[in-house]
Amino acid sequence: MNTFEENLSKLEQLTTDIKRSDISLEDALKDFEEGIKLAAGMEKQLDEIEGKVQILMNEPNPMDKSNQPEFDTFSEQGDVNGTRK
């Protein structure tokens, strides 16, 4: 699974490619479809990160070594359940 930054770079490249004057309609459509899928996955990643930030912001005690929240890592599909262990 690519990192968010890698996906963002790929999305920027697809955007640049679509804007080329010499791209065929078929290639532009293919790049557009790939970009839509990529953007949807990135939006999901951002939603998951926002959930983690909300959990951290609602912690009753300041963070110290004895009070560290643990989160599941991203799975291959990018799914995270967002709960503390």
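Residues numbered from 1 in each chain as written. Predicted model: local features only at pLDDT ≥ 70, side-chain atom pairs only at ≥ 80, totals over all residues. Heavy atoms only, no water.

Overview of the side chain of D31
Here D31 lies in helix α2 (residues 25-57). With no salt bridge to any partner, buried D31 finds its closest opposite charge in K30, at an N-O distance of 5.0 Å. (Helix = DSSP H or I, 4+ residues; strand = E, 2+ residues; numbered from the N terminus. Buried < 20%, exposed > 50% of the residue type's maximum accessible area, 1.4 Å probe, protein only. Lys, Arg positive; Asp, Glu negative; His and termini not counted. Salt bridge = Lys/Arg side-chain N within 4 Å of Asp/Glu carboxyl O.)

A word on a nonpolar patch on the surface
A cluster of nonpolar side chains, namely I18, L29, F32 and I36, defines an oily patch on the protein surface of about 370 Å² accessible area. Here the element with the most residues in the nonpolar patch is α2; it accounts for 3 residues. Assignment of secondary structure puts F32 in helix α2. (Patch = residues over 30% accessible without salt bridge, like charges linked within 9 Å, V, L, I, M, F, W, Y side chains within 5 Å. Areas by Shrake-Rupley, 256 points an atom, 1.4 Å probe, with all protein chains shown as cover.)

Comments concerning the environment of A28
Relative to the assigned elements, A28 resides in helix α2. For A28, a relative accessible area of 16% puts it in the buried group. Considered as a pair, A28 and D17 are 11 residues apart in the sequence and their alpha carbons are 7.6 Å apart.

Observations concerning the pattern of salt bridges
Summed over the entire model, instances satisfying the criterion amount to 3 salt bridges. Salt-bridge contacts for R20 lead to D17; the nearest nitrogen and oxygen are separated by 4.0 Å. For R20, a relative accessible area of 38% gives the class partly exposed. Bridged by salt links that share partners, the residues D17, R20 and D22 form one connected network.

Comments concerning the packing of helix α1 (residues 4-18) against α2
As a packed pair, α1 and α2 sit with axes 9 Å apart at the nearest point and diverge in direction by 150 degrees. Considering the angle they form, α1 stands roughly antiparallel to α2. Pair α1 / α2 crosses with left-handed handedness. Residues F4, N7, L8, K10, L11, L14, D17 and I18 of α1 form the contact with α2, whose participating residues are A28, D31, F32, E34, G35, L38, A39, M42, Q45 and L46. Broken down by class, the residue content of the contact of α1 with α2 amounts to 11 nonpolar, 3 polar and 4 charged. (Axes fitted to C-alpha atoms, helices over the stretch in contact; angles between N-to-C directions. Parallel < 35°, antiparallel > 145°, perpendicular 65-115°, else oblique. Left-handed = near helix turned anticlockwise from the far one by under 90°. Contact = heavy atoms within 4.5 Å. Nonpolar A, V, L, I, M, F, W, Y, C, P; charged D, E, K, R; others polar.)

Topic: the confidence of the model for the protein chain
On average, the protein chain scores 82 in pLDDT, and the residues at 70 or more come to 69%. Counting interchain partners and residues more than four positions distant, the pLDDT-below-50 stretch residues 79-85 has 22 contacts. (pLDDT = per-residue confidence, 0-100.)

Digging into the side chain of N7
Position of N7 relative to the elements: it lies in helix α1. Apart from residues lying up to four places away in sequence, N7 is in contact with N2, L38, M42 and Q45.

Focus: α2
Between the first and last C-alpha of α2 there are 47 Å, a value that for 33 residues agrees with the 48 Å anticipated at 1.5 Å per step. Of all the positions in α2, only A28, D31, G35, L38, M42, Q45, E48 and K52 are classed as buried. On its buried face, α2 is in contact with α1. (Expected span 1.5 Å × (residues − 1).)

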